[in-house]
Amino acid sequence: MGAGIGLSFMTLMSQLFPSTLAVDHLSLAILAGYAIVAMGILRYLMVKELKDEKTEVVAITSCEIASE
């Protein structure tokens, strides 16, 4: 889905700002922006998953201690 949106946006921008280059600076900037946003989302999801696992381990440990 993201690639389709990115390609559509790049096509629109290339129609509005024609260039003689096969790949112009605007296209590269858009692709770099998508890559940075995607890496940010992946990092957020990884940190969130690690925090959830850490909370689950602490909750299980405290339940085991309470039952003793």
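Thresholds applied
- Residues numbered from 1 in each chain as written.
- Predicted model: local features only at pLDDT ≥ 70, side-chain atom pairs only at ≥ 80, totals over all residues.
- Heavy atoms only, no water.
- Helix = DSSP H or I, 4+ residues; strand = E, 2+ residues; numbered from the N terminus.
- Buried < 20%, exposed > 50% of the residue type's maximum accessible area, 1.4 Å probe, protein only.
- Areas by Shrake-Rupley, 256 points an atom, 1.4 Å probe, with all protein chains shown as cover.
- Patch = residues over 30% accessible without salt bridge, like charges linked within 9 Å, V, L, I, M, F, W, Y side chains within 5 Å.
- Salt bridge = Lys/Arg side-chain N within 4 Å of Asp/Glu carboxyl O.

**Q** Got a minute to help me understand the overall build of the protein in this structure?
**A** A tally of regular secondary structure across the protein gives two helices and zero strands. Across the 68 residues of the protein, 9% fall into the buried class. Of the roughly 6000 Å² of accessible surface on the protein, a fraction of 72% belongs to carbon and sulfur atoms.

**Q** Just checking my understanding: could you explain a nonpolar patch on the surface for this structure?
**A** On the surface, a nonpolar cluster with roughly 650 Å² of combined accessible area is contributed by I5, F9, L12, L16, F17, L26 and Y34. Elements represented by at least two residues in the nonpolar patch include exactly α1 (2–16) and α2 (25–67). Per-element accounting of the nonpolar patch gives the leading share, four residues, to α1. Tracing the chain through its elements places F9 in helix α1. A relative accessible area of 38% means that F9 is categorised as partly exposed.

**Q** Can you walk me through the environment of Y34 in this structure?
**A** Looking at where Y34 falls in the secondary structure, it is placed in helix α2. By relative accessible area, which is 35% here, Y34 ends up partly exposed. Along the backbone, Y34 and G6 are 28 residues apart, and their C-alpha atoms lie at a distance of 7.7 Å.

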